[in-house]
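Each chain, written out:
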Amino acid sequence: MKKETKIIHNILPDSLTGAISFPIYQTSTYVQKYPGVHKGFDYTRTNNPTRNVLERLMTDLEEGYASLAFSSGLASVDAVLKLLSNKDEVIAVDDIYGGTFRVLDLYKNFGVNTTFIDTTNEKNTISHISKTTKLIWLETPTNPTLKISDIEYISKKSKEINEDIIVVVDNTFASPIIQNPIKLGADIVIHSATKYLSGHSDVLSGVLTVKNKDLYDKLKYIQNSTGGVLSPIDSWLTIRGIQTLHLRVKTQSESASKIAYFLHEKKEQFGIDKIYYPGFSHHKNHLIASKQQKYFGGIISFSMKEDTEEHAKKIVSSTKLFKLAESLGGTKSLICHPSTMTHKSTPESRRIASGIQNSLIRLSVGIEHVDDLIKDLHQSLLFQ
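Residues numbered from 1 in each chain as written. Predicted model: local features only at pLDDT ≥ 70, side-chain atom pairs only at ≥ 80, totals over all residues. Heavy atoms only, no water.

*Asks:* Explain the overall build of the protein to me, using residue names and the numbers behind them.
*Replies:* Helix and strand counts for the protein come out as 14 helices and 12 strands. Per-residue burial for the protein yields a buried fraction of 56% across its 384 residues. Considering only intrachain contacts with a sequence separation of at least 6, the fraction spanning at least 24 residues in the protein is 72%. Seen as two clouds, the 46 positive and the 41 negative side-chain charges of the protein have centres 2 Å apart. (Helix = DSSP H or I, 4+ residues; strand = E, 2+ residues; numbered from the N terminus. Buried < 20%, exposed > 50% of the residue type's maximum accessible area, 1.4 Å probe, protein only. Contact = heavy atoms within 4.5 Å. Lys, Arg positive; Asp, Glu negative; His and termini not counted. Charge placed at Lys NZ, Arg CZ, Asp CG, Glu CD.)

Below is the structure:
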């Protein structure tokens, strides 16, 4: 079956009642026939039927060994970092999501060091591997400058140096509809399922998928020990969102392309400096994006020639359809100012060095009619 069909039909009807919408098993515990003798469930922190359906669905979508659903994307990030020990090193993409940067910064307290580099230079990335490197952390596309890293090359070459290195890919911006990192050699795929997977800005959730049993067993133990699991109702909401994932991502990607070209045509008129969109043939990572992605995604970022926070704030505060808010990937289009919102916890020097300028603006394109979105941006940018 094609992936679009699998999404729908791998959510099986409830075996007890035949309900076509799988139930929310809103329970904390389960009756046992005899101590240790039960129907596969003893406590919801360990297992829950609704959460299990979501995890099986994500495993199939990402074509991995198994998946785990967490209470947020950052809870899944934290679980992966708990695989590390004192004096281990992480090599991470330089313009990493601000929340992930914050977690990595916390792990310095436990002796885990992070080296931030531009992972779009794949050979340079491999040259940074040392004896202490245990994990390579990629976002592709990155948040918010949409850099693209070659997952296949970095996965293959890093394993040639040390087969125990774990390659993690944050696939939030792409979704499993656009790319499948495990097929390209990655070991772990992470999603802030709050974004495209859930897709309606109404749930906080995270999911990770692993390529083998060893990683699954370790991460399952960590999750069960620390308790950052996704609730039954949030699992159900995420399942519901995923059913329309392919329709939403396709529409959002097509609209983003039209908006990106509109902004490119009006650069001089609007005073735009740079536009970050991997669908442009002149984007420095366009060839890699074309190779490993089905679409170019629904996110566009751009900076202004007047590179000040105040100028950017005026723009993001004057749109009508694009709502000023954190997050992305929902049905409603969102606009944000990364340096004071999503990446405010990243030190300014590191933020600027990675390309996140003071005037950078990020768009998350929703499913509204693209003509209306273009008109909204036109009125917002024209008079600033």
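*Asks:* I'd like a description of the pairing of strand E7 (residues 206–210), backed by residues and values.
*Replies:* Among the five residues that make up E7, five are buried, leaving the element largely enclosed by the rest of the structure. A two-sided burial pattern is seen for E7, the buried positions comprising Gly-206, Leu-208 and Val-210 on one face and Val-207 and Thr-209 on the other. Taken together, the five bridges between strand E1 (residues 66–70) and E7 define a ladder with antiparallel strand orientation. Among the inter-strand pairings, Leu-68 is bridged to a residue of E7, identified as Leu-208. Here strand E6 (residues 188–192) runs beside E7; their pairing, made up of five bridges, is antiparallel. Counterpart to Val-189 in the pairing with E7 is Thr-209. (Pairing = 2+ DSSP bridges.)

*Asks:* Break down the sheet that holds E1 for me, with residues and values.
*Replies:* Strand order across the open sheet formed by seven strands is E1-E7-E6-E5-E4-E2-E3, with mixed pairing between neighbours. Only two strands of the sheet have a single partner each, and these edge strands are E1 and strand E3 (113–117). The mean inter-strand angle of the sheet, taken between neighbouring strand axes irrespective of direction, is 20 degrees. Pairing of strand E5 (residues 166–170) with E6 involves three bridges; the strand directions are parallel. Along E6, the bridge assignment pairs Val-168 with Ile-188. The sheet contacts of helix H2 (residues 49–62) involve E1, E6 and E7, and relative to E1 the element is tilted by about 130 degrees. Docked against the sheet, helix H3 (residues 73–81) engages E1, strand E2 (89–93), strand E4 (133–139), E5, E6 and E7, running at close to 155 degrees with respect to E6. (Axes fitted to C-alpha atoms, helices over the stretch in contact; angles between N-to-C directions.)

*Asks:* Can you break down the sheet that holds strand E11 (residues 334–336) residue by residue, with the values?
*Replies:* Pairing in this open sheet of five strands is mixed, and the strands run E8-E9-E12-E11-E10 from one edge to the other. The sheet is open, and its two borders are formed by strand E8 (272–276) and strand E10 (323–324), each paired with just one other strand. Relative to E11, E10 runs parallel, the two being bridged by two bridges. If you follow Lys-323 over to E11, its bridge partner there is Leu-334. In the packing of helix H9 (residues 245–265) onto the sheet, the strands contacted are E8, strand E9 (299–304) and strand E12 (361–364), and the crossing angle to E9 comes to about 15 degrees. Set on the sheet, helix H12 (residues 309–316) makes contact with E9, E10, E11 and E12; between it and E12 the angle comes to about 25 degrees.

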